[in-house]
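Commentary on secondary and tertiary structure
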Amino acid sequence: MAMASSATSASRVRAAAARAPSTRTARGRATARATRGVAVRATTPSTPIESCDVAVVGAGPGGLATAIALQRAGVDVVVFEQRERIRPAGVAVFIWPHGLRNLRAICAETTTEVINAGATIDAIAIEQLTPTTSASETLVRIDVAGWSERVNLPPQIGITWARLTNALRGGLRDGTVRLGHALEGMTMTTDADGEEGDVVLTFAPPRSGGDAPPPVRVRGCVVGADGRNSKVRELTFGGGASEERDAASATSSPATTSAPEANVYYALSPNPPPGAGGAGAFNELRFVLCDGSGISLLDVGRGNLDLAEDGSAGDAAADAAPPAGQLMFGTTRFSERARAFETPEQRLAHLETLFRGTTPLLERAVSSTAPGAVVQTTLFDRPAAAKWSRGRVTLLGDASHCMYPSLGLGISTAFGDAVELSRCLLGGGGDGGGDALCEMTFADVERRLQARSDSHWSPYDRVRVVNAVSY
């Protein structure tokens, strides 16, 4: 169900900030003051600052989708992003049917833009390579095109991060996303009676130099959609043991811990790669197993071709002979110790040795990649948060339940988070006034989402959270 614009919906969110002293509870005041990392001020700051109903920290897919849902309902929402400029960095992702269905529930027009910006995936194939030879055997090939008829969406799309976030930002009014706003602190204001007031966000000076952006007063709530190393999570729950036992697993762990050793490499390559005899990944996701590891190839349509330096649509005519499209290749090298390369060329040469003597498609997909385009990272793990909100602050996406980059689960799940959170905020958590709305809203979100995500699963089992979702 698309979320219609409604002044009533906006007033519901604002009501969470306009709480009368008579509705306060001693427990609620104690909880607000006990919030780790959130300083409590005795008086309202006198410095004139900007204000909004909802502040979303992080301009990734989950944060942008949440902002679209709230803005379409008439809520005054602002998205704060630490990056100082947008550019077509990173690689690509793929989105499952339930992810697109959740996005469509937020905004059908934006969903169409996302679909058109990527490539529909009609088949998923798994191949096994014979070691030391270029022979391959198809273990399974699944025709998933029929899924589109069941959900009225492509079964899956491959899309670059740049084009995905471009399409999502296009669903927001100009000025909604504020670049160069790296969160530094959160302050819970209080009135003369010691009652909880607004949340004030402060920001660090930009890395490029200059003064820090002015503070922002948030009348309603703060949504931490700032990823695995969430600053919102750090400020809200701290890094030490919490006084709340059910939040201990969320607060006693470091921001990220390394998983069993595994190096991950991603890059975009021409599709089809030159010299591969016309072979490519066309409307498919292909997993190729070889030498105890493997590589995935994903069609991402035009990829980042035609995008200007700032990530906007560029001039296709500037390239005399543009490739037909792009594919993303990704490989996870289990048991490969962390490696540091002095130059991008050395990193690419290492990848070429890993797939030398395999199929022409794999060899050329790697070798035709620009050295500087290869992204190297490692697998990280952090336990899912046992508690995702406190006071006026809540978490979303990887900030609350970080997932491995396996099977494209992270973004699809973040879109589900955005739907649940926005519906709870816009629909209200009860009829007990502002306090009941805010406190019951976040409790409802946690119950709904944690029903699908047991925070005590092992990191490898956590993928079941999305596998269990009904199509």
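Conventions we followed
- Residues numbered from 1 in each chain as written.
- Predicted model: local features only at pLDDT ≥ 70, side-chain atom pairs only at ≥ 80, totals over all residues.
- Heavy atoms only, no water.
- Helix = DSSP H or I, 4+ residues; strand = E, 2+ residues; numbered from the N terminus.
- Contact = heavy atoms within 4.5 Å.
- Areas by Shrake-Rupley, 256 points an atom, 1.4 Å probe, with all protein chains shown as cover.
- Buried < 20%, exposed > 50% of the residue type's maximum accessible area, 1.4 Å probe, protein only.
- Arc of directions from axis to C-beta.
- Axes fitted to C-alpha atoms, helices over the stretch in contact; angles between N-to-C directions.
- Parallel < 35°, antiparallel > 145°, perpendicular 65-115°, else oblique.
- Left-handed = near helix turned anticlockwise from the far one by under 90°.
- Nonpolar A, V, L, I, M, F, W, Y, C, P; charged D, E, K, R; others polar.
- Expected span 1.5 Å × (residues − 1).
- Salt bridge = Lys/Arg side-chain N within 4 Å of Asp/Glu carboxyl O.

This next bit is on the overall build of the chain. Helix and strand counts for the chain stand at 14 helices and 19 strands. Taking as baseline every contact in the chain between residues at least 6 positions apart, the subset at least 24 positions apart corresponds to 75%. About 20,100 Å² of surface is accessible on the chain, with carbon and sulfur atoms providing 52% of the total.

So, on to helix H11 (residues 360-367). Regarding H11, the residues found buried are Leu361, Leu362, Ala365 and Val366. Buried residues of H11, seen end-on, are gathered within an arc of 120° and therefore sit on one face of the element.

Relative orientation of the contacting elements helix H3 (residues 61-72) and helix H7 (residues 161-169) amounts to 15°, with a least axis distance of 9 Å. Of the possible angle classes, the one that applies to H3 and H7 is roughly parallel. Between H3 and H7 lies a crossing whose hand is left-handed. Touching Pro61, Leu64 and Ile68 of H3 are Trp161, Leu164, Thr165, Leu168 and Arg169, all from H7. Of the residues contributing to the contact of H3 with H7, the split by class is 6 nonpolar, 1 polar and 1 charged.

Between two packed helices, what matters for the description is the angle formed by their axes and the separation of those axes. Closest axis-to-axis distance for the helix H4 (residues 97-106)/helix H12 (residues 409-427) pair is 8 Å, and the angle between their directions is 30°. In terms of axis orientation, H4 runs roughly parallel to H12. Classified by chirality, the crossing of H12 by H4 is left-handed. Where H4 approaches H12, its residues His98, Gly99, Asn102, Leu103, Ala105 and Ile106 are matched on the opposing element by Ser412, Phe415, Gly416, Ala418, Val419 and Arg423.

Turning our eyes to something else, we now look at the environment of Val91. Along the chain, Val91 falls in the loop between strand S3 (77-80) and strand S4 (92-95). Each C-alpha atom of the pair Val91 and Gly303 lies 8.7 Å from the other, and the pair is 212 residues apart in sequence. Residues within four places of Val91 in sequence aside, it is in contact with Thr160, Trp161, Tyr266, Ala267, Leu268, Met328 and Val375.

With 12 residues, H3 should cover 16 Å at 1.5 Å per step; its first-to-last C-alpha distance of 16 Å lies within 8% of that length. The buried fraction of H3 amounts to 11 of the 12 residues, a majority that puts the element mostly inside the structure. Those residues of H3 that sit buried are Pro61, Gly62, Gly63, Leu64, Ala65, Thr66, Ala67, Ile68, Ala69, Leu70 and Gln71. Two residues or fewer after H3 comes Gly74, characterised by a positive phi angle close to 90°.

Attention now moves to the pattern of salt bridges. Taken as a whole and assessed by the stated rule, the structure comprises 10 salt bridges. Across the pair Glu284 and Arg141 runs a salt bridge whose closest N-O atoms are separated by 3.0 Å. A residue pair is termed long-range when its members are at least 10 positions apart, and Glu284 in strand S14 (residues 284-290) and Arg141 in strand S7 (residues 136-143) qualify at 143 residues. Glu284 is paired through a salt bridge with Arg286; the nearest N and O atoms lie 2.6 Å apart. Of the two residues, Glu284 and Arg286, both sit in the buried class. A cluster of three or more residues bridged by salt bridges with shared partners is formed by Glu127, Arg141, Glu284 and Arg286.

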